[in-house]
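# Inside the fold
The primary structure of each chain is shown beneath.
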Amino acid sequence: MNKADSIDGVQIGVLCKATGKITGGQVGVLNQAREMLGVQIGVVNVADNMTGVQLGVVNVINNSHWGLVSVH
């Protein structure tokens, strides 16, 4: 697991988790972020708050009026 608090840049790994704010991106099989400003690319992407794009099989933004949205 690749775990970090806040990131300015890119987090790459199989399991990526950020407990703070990410400005940049996450690339992995499972990506999880509290506050995301950028892009998540993976099989499963989860963010509490998101400004940007999620590309994956399952994409979840917890605080979104869109709910569960998947991009294939």
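Going by the structure above, here's the rest.
In what follows, the accompanying structure is described. All values reported here derive from a predicted model rather than from experimental measurement. (Residues numbered from 1 in each chain as written. Predicted model: local features only at pLDDT ≥ 70, side-chain atom pairs only at ≥ 80, totals over all residues. Heavy atoms only, no water.)

Turning next to the side chain of Gln26. For Gln26, the position within the fold is in strand S3 (residues 15–27). For Gln26, a relative accessible area of 0% translates into the label buried. Only 2.7 Å separates the side chain of Gln26 from the side chain of Gln11, close enough to count as a polar contact. If we skip the residues at most four places from it in the chain, Gln26 touches Gln11, Cys16, Lys17, Ala18, Asn31, Gln32, Ala33, Met36, Val39, Gln40 and Ile41. (Helix = DSSP H or I, 4+ residues; strand = E, 2+ residues; numbered from the N terminus. Buried < 20%, exposed > 50% of the residue type's maximum accessible area, 1.4 Å probe, protein only. Polar contact = N/O pair within 3.5 Å; in protein donor to acceptor, adjacent residues only side chain to side chain. Contact = heavy atoms within 4.5 Å.)

A word on the nonpolar core. Within the largest apolar cluster, seven residues are counted, these being Ile7, Ala18, Ile22, Ala33, Met36, Ala47 and Met50. Looking at this core, the elements with two or more residues in it are S3, strand S4 (30–41) and strand S5 (44–55). Setting aside anything within four residues of it in sequence, one finds Ile7 in contact with Ala18, Lys21, Ile22 and Thr23. (Core = buried A, V, L, I, M, F, W, Y, C linked by side-chain atoms within 4.5 Å.)

Our next topic: the environment of Gly28. Here Gly28 shows up in the loop between S3 and S4. When its relative accessible area of 15% is taken as the criterion, Gly28 is described as buried. Spatially, the C-alpha atom of Gly28 lies 9.8 Å from that of Lys17, the residues being 11 residues apart in sequence. Not counting the four nearest positions on each side in its chain, Gly28 is found in contact with Gly13, Val14, Cys16, Ile41, Gly42 and Val43.

Attention shifts here to the pairing of S3. Judged from the three bridges that link them, strand S1 (residues 2–4) and S3 form a sheet pairing that is parallel. Residue pairing for S3: Ala4 is matched across the bridge by Ala18. For strand S2 (residues 7–12) and S3, the ladder comprises six bridges, and the chain directions are parallel. Bridged to Asp8 within S3 is Thr23. (Pairing = 2+ DSSP bridges.)

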